[in-house]
Amino acid sequence: MAITIVIVLLVIGSLVFHFASPWWFTPLASNWQSIDDTINIALWVTGIVFVLVNLFLAYVVYKYRFNKNRKADYEPENKKLEGWLTVVTSAGVAAMLIPGLFVWADIIEPPEDSHIVEIVAQQWHWTYRFPGDDGQLGKTAIEFITEANPFGMDESDPAGLDDYLIASNELHLPVNKPVKLVLRSKDVLHNFAVPQFRVKMDLVPGLMTYVWFTPSRVGSYDILCEELCGVAHFTMRGRVMVDEQAVFDNWLRGQETYASIMAKPPLDYEKGKSLYAGCAACHGVDGEGNEAMKAPRLAGLSKWYLSRQLKYFRDKVRGGSDEDVPGQQMAAMSVLLPDDYAIEQVAGYLASLNKPEIKTISIPSPQVTNGNELYQTCASCHGQKAEGNFATNAPRLAGQHPWYLKRQIQNYQLGIRGRHLRDLYGSQMMMMSRVLQDEKAIDAVVTHIDSLSEQGKQIDSVQGAGHE
């Protein structure tokens, strides 16, 4: 009797949880109501089967409970019962599968008037490419990918000259206009998913896949990677901004085309050096940094990283928190660089300065050994020798001042840095920095990073570490 009651309560509890639960689909923001309908049909079919089977089980357990005065009847086959089960099961499976086949037929046939957008995935971020006035995307190839050509554009294909290259995690789309997303991956298997649009599709290295939908609501929606792609998979987020047509057109016109990128004049490092003069008061004549001014080392950092940070300060993406006084100072000083070209020149000049030498540690101290173990998560992006990695948008850490590294890790953990909606790489660091659970762990990692360059000698002498 007790088992019967438990089974019945299980059925009742499951139904109450399902219908009363606040967890359900996100509000639909595309044309794919048919996907919701298909899922609902599958839930109804499986739900009815679940209720009937379990209630029948409860009935059988109760009716045929043990009775010493009753003998069980052995009946290994029952053709009538087997026939009914085959028919009912087939009908249930067909009810679940047939709607999905119709939906799939729609998914693989984008409307002829769909505009095309290319989605490019890599560990651990998204970038996008729009065709220009010709409506065609230019050719790309993996062998053309470099820091200067991250999309792998084929210079010999004129169709690619007017392509818009969006080196950002933020994608804009016009509302009520069908879009075909062409998907490719630069490294491992990823999956493009936007829950509100009811679309998800794998991005497979070496293949081109696609999916289409029509955004139906203006708003902001999260892009997720729903395929395990590495240690920072959970931080691989993007954002779709669905705009009115006029807003979208204005945004697209403000983006760089491949032709405009190629037409940029070469960097003038002497001009960059002169522009840097206003920064030298804090960061030092040679970009060596100054702890008294809370100014980090800049010499030898990658141009792409310096450019991004200077633009973040200029646009108040970074330095907007009242608790980040040095960041606020930088945001105010960034106006000394009047435009993007000036930023690129300064960044190029600083990147050309000497990097501290990365060395191998021969006699590591216990703190460095512990820091090396904790650093392995960081190494997935920043490199085993903290040399930085353009592919993962991770700057060089080796040679940076320990006090600055510690402050930035703490700022990420406290949300002082990385909270701005446009600082998508900063938001990744906010999540990743939490693997360091206390100040002792932070100090260990910072000491290990410092030990990787000649700059490590200063902190080691203070802490008495026993390595070179």
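These lines cover the structure that appears in this document, whether it is placed above or below. Treat the numbers as computed from the prediction; the structure is a model and nothing was measured.

## Considering the packing of helix H8 (residues 303–314) against helix H10 (residues 340–352)
Following both chains from N to C, one finds H8 and H10 inclined at 140°, their axes separated by 8 Å at the closest point. The orientation of H8 with respect to H10, classified from their angle, is oblique. The handedness of the crossing between H8 and H10 comes out as right-handed. Along its contact with H8, which presents Lys303, Leu306, Ser307, Leu310, Lys311 and Arg314, the element H10 presents Asp340, Ile343, Glu344, Val346, Ala347, Gly348, Leu350 and Ala351. In the contact of H8 with H10, the residues fall into seven nonpolar, two polar and five charged.

## So, the sheet that holds strand S9 (residues 219–225)
Pairing is mixed in the open sheet, where five strands are placed in the order S4-S10-S9-S6-S7. What marks the edges here is a single partner per strand, and that holds for strand S4 (170–174) and strand S7 (199–203). Neighbour-to-neighbour, the strand axes of the sheet open up by a mean angle of 25°, direction not taken into account. Relative to strand S10 (residues 237–243), S4 runs parallel, the two being bridged by five bridges. Along S10, the bridge assignment pairs His172 with Met241. Along the sheet, helix H4 (residues 245–253) makes contact with S4 and S10, crossing S4 at roughly 135°.

## As for the packing of aromatic side chains
Summed over the entire model, instances satisfying the criterion amount to 14 aromatic pairs. Aromatic pair Phe130 and Trp251: ring centres 5.7 Å apart, planes at 70°, arrangement edge-to-face. Of this pair, Phe130 sits in strand S2 (residues 125–130) while Trp251 sits in helix H4, and the two are 121 residues apart along the sequence. Residue Phe130 is classed as buried on the basis of its relative accessible area, which comes to 2%. Between the aromatic rings of Trp403 and Tyr404, the centroid separation amounts to 6.1 Å while the plane-to-plane angle is 85°, which identifies the pairing as edge-to-face. Residue class for Tyr404 comes out buried when judged on its relative accessible area of 10%.

## Focus: the layout of surface pockets
If you add up the space inside the largest pocket, you get close to 1700 Å³. Lining the largest pocket are 45 residues; nearest its centre among them are Ala167, Ser168, Glu256, Lys311 and Glu344. For the lining of the largest pocket, the secondary-structure elements that each account for two or more residues are strand S1 (115–122), S2, strand S3 (164–166), S4, helix H5 (258–262), H8, H10 and helix H13 (424–432). Split by residue class, the lining of the largest pocket holds 20 nonpolar, twelve polar and 13 charged.

## Considering helix H2 (residues 33–63)
The terminal C-alpha atoms of H2 lie 44 Å apart, and with 31 residues this matches the ideal 45 Å at 1.5 Å per residue to within 8%. The set of residues buried in H2 consists of Ile35, Asp36, Thr38, Val45, Val51, Asn54 and Ala58. Where H2 is buried, its residues meet helix H1 (2–20) and helix H3 (79–107).

## Here we look at the environment of Asn191
By the element assignment, Asn191 lies in strand S6 (residues 190–194). Put simply, Asn191 and Ala121 are 70 residues apart on the chain and 8.6 Å apart in space, counted from C-alpha to C-alpha. Not counting the four nearest positions on each side in its chain, Asn191 is found in contact with Trp126, Lys200, Met201, Asp202, Leu203, Leu224, Cys225, Glu226 and Glu227. For Asn191, the side chain forms a polar contact with the side chain of Asp202, separated by 2.7 Å.

## Points about the pairing of S6
A regular strand places its side chains on the two faces of the sheet in alternate fashion. Of all five residues that make up S6, five are buried, and the element is covered over most of its length. Two elements, S6 and S7, share five bridges in a ladder whose sense is antiparallel. Within S7, the position partnered with Phe192 by the bridge is Met201. Pairing of S6 with S9, which is carried by two bridges, proceeds in the antiparallel orientation. Each residue of the ladder has a partner; that of Ala193, found in S9, is Leu224.

## Quick word on the pairing of strand S5 (residues 179–185)
A large share of S5 lies buried, amounting to six of its seven residues. As defined by bridge partners, S1 adjoins S5 across seven bridges and the pair is classed as parallel. When the bridges of S5 are listed, Glu118 appears paired with Val182. Examined bridge by bridge, S5 and strand S8 (residues 209–213) share five bridges and lie antiparallel to one another. Bridging from a neighbouring strand, Val179 pairs with Phe213 of S8.

## Concerning the sheet that holds S3
An order of S3-S2-S1-S5-S8 is seen for the five strands of this open sheet, with the pairing classed as mixed. Of all strands in the sheet, those bounded by a partner on one side alone are S3 and S8. Across the sheet, the axes of successive neighbouring strands diverge by a mean angle of 25°, strand direction being ignored.

Procedures and definitions
Residues numbered from 1 in each chain as written. Predicted model: local features only at pLDDT ≥ 70, side-chain atom pairs only at ≥ 80, totals over all residues. Heavy atoms only, no water. Axes fitted to C-alpha atoms, helices over the stretch in contact; angles between N-to-C directions. Helix = DSSP H or I, 4+ residues; strand = E, 2+ residues; numbered from the N terminus. Parallel < 35°, antiparallel > 145°, perpendicular 65-115°, else oblique. Left-handed = near helix turned anticlockwise from the far one by under 90°. Contact = heavy atoms within 4.5 Å. Nonpolar A, V, L, I, M, F, W, Y, C, P; charged D, E, K, R; others polar. Pairing = 2+ DSSP bridges. Phe/Tyr/Trp six-rings, centres within 6.5 Å; stacked < 30°, edge-to-face > 60°. Buried < 20%, exposed > 50% of the residue type's maximum accessible area, 1.4 Å probe, protein only. 1 Å grid on protein atoms, 1.4 Å probe; cavity = no way out; pocket = protein on both sides within 12 Å on 5 of 7 lines; lining within 4 Å. Points joined across faces, edges and corners; volume = space filled by probe spheres on them. Expected span 1.5 Å × (residues − 1). Polar contact = N/O pair within 3.5 Å; in protein donor to acceptor, adjacent residues only side chain to side chain.

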